[in-house]
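Breakdown of the fold
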Amino acid sequence: MAKAGIAVGLAKGHVVTKREKVARPAERKGRASKRVKFVRDIIKEVAGQAPYEKRVMELLKVGKDKRALKLCKRKLGTHLRAKRKREEMSTLLRKVKK
């Protein structure tokens, strides 16, 4: 509700103009830059998959999605990370099939 400039009521308070907040560097923390993404892709390409990732891909090949999720969750710690990893592995499998 907009301020009315009076001391009582629902719209009480001094009338001011809203200022735009400047984006702070801390707000983009954790977001990978182009260079970091490129380097990680190169490393992934050269080094290949981790042993648990290979096992997850095998489980996905035979259709054991839930078991793959459980394995990912045990290795990565959280349900959300596990879901992301399972999705990443399944897209990798689709790319390999093509």
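Before going into details, it helps to say that this report is about the structure given with it. Counting restarts for each chain: residues are numbered from 1 in the order of the written sequence. pLDDT decides what is reported in this predicted model: residues at 70 or higher carry local features, side-chain atom pairs at 80 or more are listed and counted, and totals for whole chains, interfaces and linings draw on all residues regardless. In computing side-chain properties, one takes all heavy atoms of the structure into account and sets aside hydrogens as well as water.

This brings us to a nonpolar patch on the surface. What makes a patch is a set of residues exposed beyond 30% relative accessible area and free of salt bridges, joined within 9 Å when like-charged and within 5 Å when nonpolar (Val, Leu, Ile, Met, Phe, Trp, Tyr). Note that accessible areas follow from Shrake-Rupley with a 1.4 Å probe, and for residues the cover is restricted to the protein chains shown. We define a salt bridge as a contact between a side-chain nitrogen of Lys or Arg and a carboxyl oxygen of Asp or Glu at a distance within 4 Å. A cluster of nonpolar residues, F38, V39, I42, I43 and V46, forms a patch on the protein surface that exposes about 500 Å² of accessible area. Along the chain, the position of F38 falls in helix α1 (residues 34-47). We classify F38 as exposed; its relative accessible area is 54%. Secondary structure elements follow DSSP: runs of H or I of four or more residues count as helices, runs of E of two or more count as strands, with numbering from the N terminus. Residue exposure (1.4 Å probe, protein chains only): buried if accessible area is under 20% of the type maximum, exposed if over 50%, otherwise partly exposed.

What follows covers the environment of V36. If you trace the backbone, V36 turns up in helix α1. A relative accessible area of 34% means that V36 is categorised as partly exposed.

You can see K85 is positioned in helix α4 (residues 79-97). K85 has contacts with K44, Y52, E53, C72 and L76, leaving out every residue within four places of it along the chain. Contact between two residues is taken to exist if any of their heavy atoms lie within 4.5 Å; hydrogens are not considered.

This paragraph deals with the nonpolar core. As used in this record, nonpolar core signifies buried Ala, Val, Leu, Ile, Met, Phe, Trp, Tyr and Cys residues forming a set joined through side-chain atoms within 4.5 Å. One finds Y52, V56, M57, L59, L60, A68, L69, L71, C72, A82, M89 and L93 forming the largest nonpolar core, which totals 12 residues. Sorting the residues of this core by element identifies α2 (51-61), α3 (65-76) and α4 as the ones contributing at least two each. Per-element accounting of this core gives the leading share, five residues, to α2.

Our focus in this paragraph is the pattern of salt bridges. This model, assessed by the stated rule, comprises six salt bridges. Among the ionic pairs, D41 bridges to K37, the shortest N-O distance being 3.6 Å. A residue pair is termed a helical-turn pair when its members lie 3 or 4 positions apart in one helix, as D41 and K37 do in helix α1 at four residues. In this structure D41 comes out as partly exposed when scored by relative accessible area, which is 42%. A relative accessible area of 51% places K37 in the exposed class. In this structure, the salt-bridge partner of E53 is K44, at a minimum N-O distance of 3.1 Å.

This is a description of form; function is not addressed.
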